[in-house]
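These are the residues of each chain, in order.
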Amino acid sequence: MRMRHEYLSTRPVDLYSMHLFELVATQGGFTRAAELAGISQSAVTRQIQGMEHRLGVTLLERTTRRVTLTEAGYALLAEARQLNGALETGLRRFREEHVDAAKTVRVGFSRSVGLASLPGILLPFHRNSPEVRMQVSHEAGSGLLTALLDHRLDIAILTAPEKINAALQVQHSFADEFELIVGAQATLPPGPPPWPAATLQAWLDRQTWMHLSQQSHTGQKLAGWLKEQHYPHTPAMELDNFEILIQLVAMGLGASWVPRRALAAYPRKKALQRVPLPRRFERQIVMVTRRTHTLPKHIQDLIEGVLFS
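What comes next is a walk through the structure. (Residues numbered from 1 in each chain as written. Predicted model: local features only at pLDDT ≥ 70, side-chain atom pairs only at ≥ 80, totals over all residues. Heavy atoms only, no water.)

## Some thoughts on the packing of aromatic side chains
Phase 1: All chains considered together, the criterion is met by six aromatic pairs.
Phase 2: Between F178 and F242, the ring centres sit 5.6 Å apart and the planes meet at 80 degrees, which makes this aromatic pair edge-to-face. Of this pair, F178 sits in strand β6 (residues 168–183) while F242 sits in helix α10 (residues 242–250), placing them 64 residues apart in sequence.
Phase 3: The exposure class assigned to F178 is buried, which follows from its relative accessible area of 0%.
Phase 4: Arranged with centres 5.9 Å apart and planes meeting at 70 degrees, the rings of W225 and Y231 form a pair that is edge-to-face. (Phe/Tyr/Trp six-rings, centres within 6.5 Å; stacked < 30°, edge-to-face > 60°. Helix = DSSP H or I, 4+ residues; strand = E, 2+ residues; numbered from the N terminus. Buried < 20%, exposed > 50% of the residue type's maximum accessible area, 1.4 Å probe, protein only.)

## Describing a nonpolar patch on the surface
Phase 1: Side chains of L15, L83, L87 and L91 sit close together on the surface and give an oily, nonpolar patch of about 320 Å² of accessible area.
Phase 2: With three residues, the single largest contributor to the nonpolar patch is helix α5 (residues 71–98).
Phase 3: Along the chain, L91 falls in helix α5. (Patch = residues over 30% accessible without salt bridge, like charges linked within 9 Å, V, L, I, M, F, W, Y side chains within 5 Å. Areas by Shrake-Rupley, 256 points an atom, 1.4 Å probe, with all protein chains shown as cover. Salt bridge = Lys/Arg side-chain N within 4 Å of Asp/Glu carboxyl O.)

## So, unusual backbone geometry
Phase 1: Cis geometry marks the peptide bond from P193 to P194; its omega dihedral reads 0 degrees.
Phase 2: Mapped onto the fold, P194 is located in the loop between β6 and α8 (197–206).
Phase 3: The backbone of H151 sits at a positive phi, close to 65 degrees, despite the residue not being glycine.
Phase 4: Following the sequence through the fold, H151 ends up in the loop between α7 (141–149) and β5 (155–159).

## A word on the packing of helix α6 (residues 118–128) against helix α12 (residues 297–304)
A pair of packed helices is captured by two measures, namely the crossing angle of their axes and the spacing between those axes.
Phase 1: α12 packs onto α6 with a crossing angle of 130 degrees between their chain directions and a minimal axis gap of 8 Å. When the axes of α6 and α12 are compared, the pair comes out oblique. The element α6 and its partner α12 pack so that their crossing is right-handed. Between α6, through I121, L122 and F125, and α12, the contact on the second element is made entirely by H298, D301 and L302.
Phase 2: Here the contact of α6 with α12 is built from residues that sort into four nonpolar, one polar and one charged. (Axes fitted to C-alpha atoms, helices over the stretch in contact; angles between N-to-C directions. Parallel < 35°, antiparallel > 145°, perpendicular 65-115°, else oblique. Left-handed = near helix turned anticlockwise from the far one by under 90°. Contact = heavy atoms within 4.5 Å. Nonpolar A, V, L, I, M, F, W, Y, C, P; charged D, E, K, R; others polar.)

Put into structure tokens, the structure is as follows:
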């Protein structure tokens, strides 16, 4: 017991100081951090200076206008986010299970997944568990995985990444097939499909292409697949939203590859033509959670209620 007490009195950081450090780092200064913490700016400054002294490193570079993180500061911020997030998540689940607080599930969708997939994922759960609150966000896939690790999300839904952190786990996966579309006014290759390879290639080369941005994982995979098929892969326009891509194709601005589910949700189907091809691009959509022995029941219910596989 004596050794344990000695550790408590000499450890360089505690949960309170880690919370204050995260506030200063994310808010970019001591003034706003102090306001959010409800204490004086000088008290926040003393806490951070004490951490730096005990750790033996500089965490923040201070100027008259702003505060920036050092390399050590960035490393500690990653740890602080996960530690503070884990504590917040643990207390939230404790209140849900033992203090009769309303249950909440926080779901993040990648921008490249497309809004058309939301009903098949969220509606069954909402119908069966209307008492559970849902917080839904829409951001880049890489940000979703970071948010999972930081305990800011319970479930992330995104295109399957090449690698996944060992602290995360894929809970569900389903295929997402793409279609090539053009506007209703566009002229298709002559004759009935399937067309000769040379005829199809000449027609593809004449199109104006609009692709999903290659800043997304799906955009990169699609560009690689198009190159492998010897299909045109240099777009005239890049966007980060399939719903907008479909609208622009319907206006006659070009051709694009979009998920079949996104087309099913588009109301003006007569404004589009689907181009039958011998091969289609396909990606995998995954539902990812933090790796744990037991998921809370309401989170497990959402995963098991997905309508497609």
